[in-house]
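Letter by letter, the chains look like this.
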Amino acid sequence: MDILFEFIGTAILILLGDGVVANTVLKDTKGSNGGWVVITIAWGLAVFVAATIATPYPGAHLNPALTLALFAAGQFSGNVPGYIFAQLAGAFTGACLVYLFYKPHFDREENPDNKLGVFCTIPAIRNYFYNFISELIGTFILVTGILFVAGASMTGPYPVALIIVVIGMSLGGTTGYAINPARDLGPRLAHALLPIKGKRSSDWAYAWVPILGPVTGALLAAGLYLLVHSIA
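Here's what I pulled together on the structure shown here. (Residues numbered from 1 in each chain as written. Predicted model: local features only at pLDDT ≥ 70, side-chain atom pairs only at ≥ 80, totals over all residues. Heavy atoms only, no water.)

1. Brief notes about the overall build of the chain
Helix and strand content of the chain: ten helices and zero strands. Helices and strands appear in the chain in the N-to-C order α-α-α-α-α-α-α-α-α-α. Here the C-alpha radius of gyration of the chain, 17 Å, is about what a compact globule of 232 residues would show, namely 17 Å. Dimensions along the principal axes, computed over C-alpha positions, put the chain at roughly 55 × 40 × 30 Å. (Helix = DSSP H or I, 4+ residues; strand = E, 2+ residues; numbered from the N terminus. Rg over C-alpha atoms; globule rule 2.2 N^0.38 Å.)

Right under this line is the structure:
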């Protein structure tokens with residue numbers, strides 16, 4: 001049941017998260033040109049909604065990097081491959097639903113970069129080293145916050161949603177802050193497979209950055225967690 005809700009939660013996360021990007025960047029939507037603040041707040045709310053739905057069951061990770069970090073930190077002993085598969089499948093499904101929902105606007109949109117940007121991240125300035133560092137640091141902040149939130153007076157999806165919002169507003173301008181391999185890889189695969197009118201390549205040369213950057217940052221956060229608890 002927990003793996004099923006990982007799938008459902010991640011699908012909802014991408015439906016709402018990629019959905020706000022579509023609403024903001026595609027042609028002739030009601031939210032056209034809504035801007036970065038709309039996107040960052042809505043992504044935080046998407047995490048809140050998705051995690052709230054999935055939280056009654058063990059998990060609600062919605063992020064392979066987080067699953068690996070929790071496993072490495074000894075905070076998760078479940079089915080790691082099953083969780084990651086569910087997250088990737090959910091992200092792919094959510095992206096397909098966004099395409100279905102906004103199909104007339106994808107057809108009208110003339111800029112292929114905007115179409116790709118609905119599905120996955122595109123760096124503002126392409127520099128693989130610095131793009132990798134951006135994803136590493138952003139995910140390190142996210143996972144550190146999640147691992148140490150247990151000692152705070154406010155726990156659950158709400159503080160995590162706030163972390164997502166501030167990462168987007170403060171650190172998201174370089175790469176679009178994937179900070180989640182499933183969030184980028186699942187929708188990127190959907191972009192590659194869907195019959196999107198006038199689409200460009202899915203930019204697989206960049207795809208490793210939003211996978212390895214978040215995983216590295218998450219594992220470093222797990223290492224910090226273990227270090228702090230070993231000397232406490």
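After presenting the structure, the write-up continues.
2. Notes on the side chain of N63
With respect to the element layout, N63 can be found in the loop between helix 2 (36-54) and helix 3 (64-72). From its side chain, N63 meets the backbone nitrogen of A65 in a polar contact 2.9 Å long. (Polar contact = N/O pair within 3.5 Å; in protein donor to acceptor, adjacent residues only side chain to side chain.)

3. Some remarks on unusual backbone geometry
Not every positive phi belongs to a glycine, and N33 is a case in point at roughly 65°. As for its position among the elements, N33 is in the loop between helix 1 (2-25) and helix 2. Backbone geometry at Y177 places phi at a positive 45°, although glycine is not the residue there. Counting through the fold element by element, Y177 comes out in the loop between helix 8 (157-171) and helix 9 (181-193).

4. Let's talk about the packing of helix 6 (residues 112-119) against helix 9
Axes are the key here: two packed helices are described by the angle between their axes and the distance separating the axes. Contact geometry for helix 6 and helix 9: axes closest at 8 Å, N-to-C directions at 135°. Classified by the angle their axes make, helix 6 and helix 9 are oblique. Taken together, the residues of helix 9 that come into contact with helix 6 (itself represented by K115, L116 and F119) are R183, P187, R188, A190 and H191. Looking at the contact of helix 6 with helix 9 residue by residue, the classes come out as four nonpolar, one polar and three charged. (Axes fitted to C-alpha atoms, helices over the stretch in contact; angles between N-to-C directions. Parallel < 35°, antiparallel > 145°, perpendicular 65-115°, else oblique. Contact = heavy atoms within 4.5 Å. Nonpolar A, V, L, I, M, F, W, Y, C, P; charged D, E, K, R; others polar.)

5. Let's talk about the environment of F7
In this structure, F7 sits in helix 1. Given a relative accessible area of 28%, F7 falls into the partly exposed group. Placed 78 residues apart in sequence, F7 and F85 show a C-alpha to C-alpha distance of 8.4 Å. Those residues within four positions of F7 in sequence are excluded, and the remaining contacts are A86, A89, G90 and T93. (Buried < 20%, exposed > 50% of the residue type's maximum accessible area, 1.4 Å probe, protein only.)

6. Observations regarding the packing of aromatic side chains
Under the definition given, this model contains eleven aromatic pairs. For the pair W36 and Y177, a centre-to-centre distance of 5.8 Å together with 70° between the ring planes defines the contact as edge-to-face. With a gap of 141 residues between them, W36 in helix 2 and Y177 in the loop between helix 8 and helix 9 connect regions that are remote in the sequence. We classify Y177 as buried; its relative accessible area is 7%. Geometrically, the ring pair formed by F48 and Y158 is edge-to-face, given 6.4 Å between the ring centres and 85° between the ring planes. On the criterion of sequence distance, the pair formed by F48 in helix 2 and Y158 in helix 8 is long-range, its members being 110 residues apart. When its relative accessible area of 31% is taken as the criterion, F48 is described as partly exposed. (Phe/Tyr/Trp six-rings, centres within 6.5 Å; stacked < 30°, edge-to-face > 60°.)

7. Examining the side chain of D184
Within the secondary structure, D184 is located in helix 9. The buried category is assigned to D184, whose relative accessible area is 1%. For D184, the residues in contact, after removing those within four places along its chain, are C120, T121, A178 and P210.

8. Some words on the nonpolar core
Grouped together as the largest cluster of nonpolar side chains are 49 residues, with contacts concentrated most on L13, W43, F106, V118, F119 and L142. Apart from residues lying up to four places away in sequence, F119 is in contact with D18, A95, Y99, F106, R183, P187, R188, A190, H191, L194 and I196. (Core = buried A, V, L, I, M, F, W, Y, C linked by side-chain atoms within 4.5 Å.)

9. Some words on helix 10 (residues 209-231)
Its 23 residues place the ends of helix 10 33 Å apart at the C-alpha level, agreeing with the 33 Å of an ideal helix rising 1.5 Å per residue. Every buried residue of helix 10 is listed here: V209, P210, G213, P214, V215, G217, A218, A221, A222 and Y225. Structurally, helix 10 contributes buried residues whose contacts are with helix 3, helix 7 (128-148) and helix 9. (Expected span 1.5 Å × (residues − 1).)

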